[in-house]
Amino acid sequence: MASSLQNVLQVVADALLYPDIIALLLFMLLAVWQIGDFVAELFTERRKLKADVPDLLTQISGRGKTEVIETMDGSGLLARHKRVLHRIFDPEHQSRTARLALAERVLASEEKYYSKSTVVTDLVAKLGPMAGLLGTLIPLGPGIIALSNGDTATLADSLGVAFNTTIAGVASSSVCYVISHIRKRWYSDYMVTLETLTESIMEEVCLNEK
């Protein structure tokens, strides 16, 4: 009975090896893709962010909505941030309550957008080591059996698969973890900037509309 159960487990483990290798190859491809996407974001968006938020707050102080929006458009904010501010403050004849509700909705959408941007890297960072460990342990069983039979060739093949899967899992996970960490720091700063500007503009607009 015990021998039968062990055979079943061995069959299941062997069956998991190739899907695990395919998953690791996919994780490595995703890691390479995320590197390219990260570099593109760095040079096409992040480098263009040259807004001095305290200086912007000083510039919009005491100004009307039109002047405030023109100041935002001419600032070093990201294009996406400018579009967000336009969505909140472009509609005419809105009460403070309606505009505040719209601002909360738009900012929540932005936070959701930035959260989605790190889903892939977070997933690979968590699953990469697990898949690597699985790919390490599965070949060791046949390798140990081969060693007991003096079959060094099979042992060498098993160890090769074990080491390669470990490297693939750790490498893809490490890359994606670093990218996720940096992006989350960026996006947290973006959201703080948007919330600060939205609150300040809201006060200026409502003050000047009274």
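Going by the structure above, here's the rest.
As the structure is a prediction and not an experimental result, all values here were calculated from the model. (Residues numbered from 1 in each chain as written. Predicted model: local features only at pLDDT ≥ 70, side-chain atom pairs only at ≥ 80, totals over all residues. Heavy atoms only, no water.)

1. Quick word on the side chain of Glu-41
Right, so step 1: Mapping Glu-41 onto the fold places it in helix 1 (residues 2-44).
Right, so step 2: Contact partners of Glu-41, with chain neighbours within four places excluded, come to Arg-46, Arg-183, Trp-186 and Tyr-187. (Helix = DSSP H or I, 4+ residues; strand = E, 2+ residues; numbered from the N terminus. Contact = heavy atoms within 4.5 Å.)

2. A short note on the packing of aromatic side chains
Right, so step 1: Tallied over the full model, the rule gives 5 aromatic pairs.
Right, so step 2: Considering the side-chain rings of Phe-38 and Trp-186, the 5.2 Å spacing of their centres and the 10° angle between planes classify their relative orientation as stacked. Of this pair, Phe-38 sits in helix 1 while Trp-186 sits in helix 7 (residues 152-209); the two residues are 148 residues apart in sequence, bridging distant segments of the chain.
Right, so step 3: The buried category is assigned to Trp-186, whose relative accessible area is 7%.
Right, so step 4: With 5.3 Å between their ring centres and 65° between their planes, Tyr-113 and Tyr-114 make a pair best called edge-to-face.
Right, so step 5: With relative accessibility at 37%, the residue Tyr-113 sits in the partly exposed group.
Right, so step 6: Every member of this aromatic cluster is reached through a ring pair, and the members are Tyr-113, Tyr-114, Tyr-187 and Tyr-190.
Right, so step 7: Taking NZ or CZ as reference, Arg-80 lies 3.5 Å from the ring centre of Tyr-113, over its face. (Phe/Tyr/Trp six-rings, centres within 6.5 Å; stacked < 30°, edge-to-face > 60°. Buried < 20%, exposed > 50% of the residue type's maximum accessible area, 1.4 Å probe, protein only. Lys NZ or Arg CZ within 6 Å of the ring centre and 35° of its normal.)

3. What to know about helix 2 (residues 53-60)
Right, so step 1: Every buried residue of helix 2 is listed here: Val-53, Leu-56 and Ile-60. Take helix 2 and look down its axis: the buried residues cluster within an arc of 55°, on one side only. Looking at helix 2, the residues exposed on the side facing more than 90 degrees away from the buried face are Pro-54 and Thr-58.
Right, so step 2: Positive phi appears at Gly-62, one or two residues downstream of helix 2, with a value of about 80°. (Arc of directions from axis to C-beta.)

4. Here's the deal with the environment of Leu-85
Right, so step 1: Checked against the element boundaries, Leu-85 lands in helix 4 (residues 79-89).
Right, so step 2: Taking relative accessible area as the criterion, Leu-85 reaches 1% and is therefore assigned buried.

5. Comments concerning a positive patch on the surface
Right, so step 1: A contiguous patch of positive charge on the surface is contributed by Arg-87, Arg-105, Lys-112 and Lys-116.
Right, so step 2: Here the element with the most residues in the positive patch is helix 5 (residues 96-116); it accounts for 3 residues.
Right, so step 3: Tracing the sequence through the fold places Lys-116 in helix 5. (Patch = residues over 30% accessible without salt bridge, like charges linked within 9 Å, V, L, I, M, F, W, Y side chains within 5 Å. Areas by Shrake-Rupley, 256 points an atom, 1.4 Å probe, with all protein chains shown as cover. Salt bridge = Lys/Arg side-chain N within 4 Å of Asp/Glu carboxyl O. Lys, Arg positive; Asp, Glu negative; His and termini not counted. Charge placed at Lys NZ, Arg CZ, Asp CG, Glu CD.)

6. Some remarks on the nonpolar core
Right, so step 1: Counting 26 residues, the largest nonpolar core has Met-72, Leu-85, Phe-89, Leu-197 and Ile-201 as the members making the most contacts within it.
Right, so step 2: Contributions of two or more residues to this core are made by helix 2, helix 3 (65-73), helix 4, helix 5 and helix 7.
Right, so step 3: Sorting elements by how many residues they give to this core places helix 7 first, with 9 residues.
Right, so step 4: In this structure, Leu-24, Ala-31, Val-124 and Ala-131 belong to the second largest nonpolar core, which totals 8 residues. (Core = buried A, V, L, I, M, F, W, Y, C linked by side-chain atoms within 4.5 Å.)

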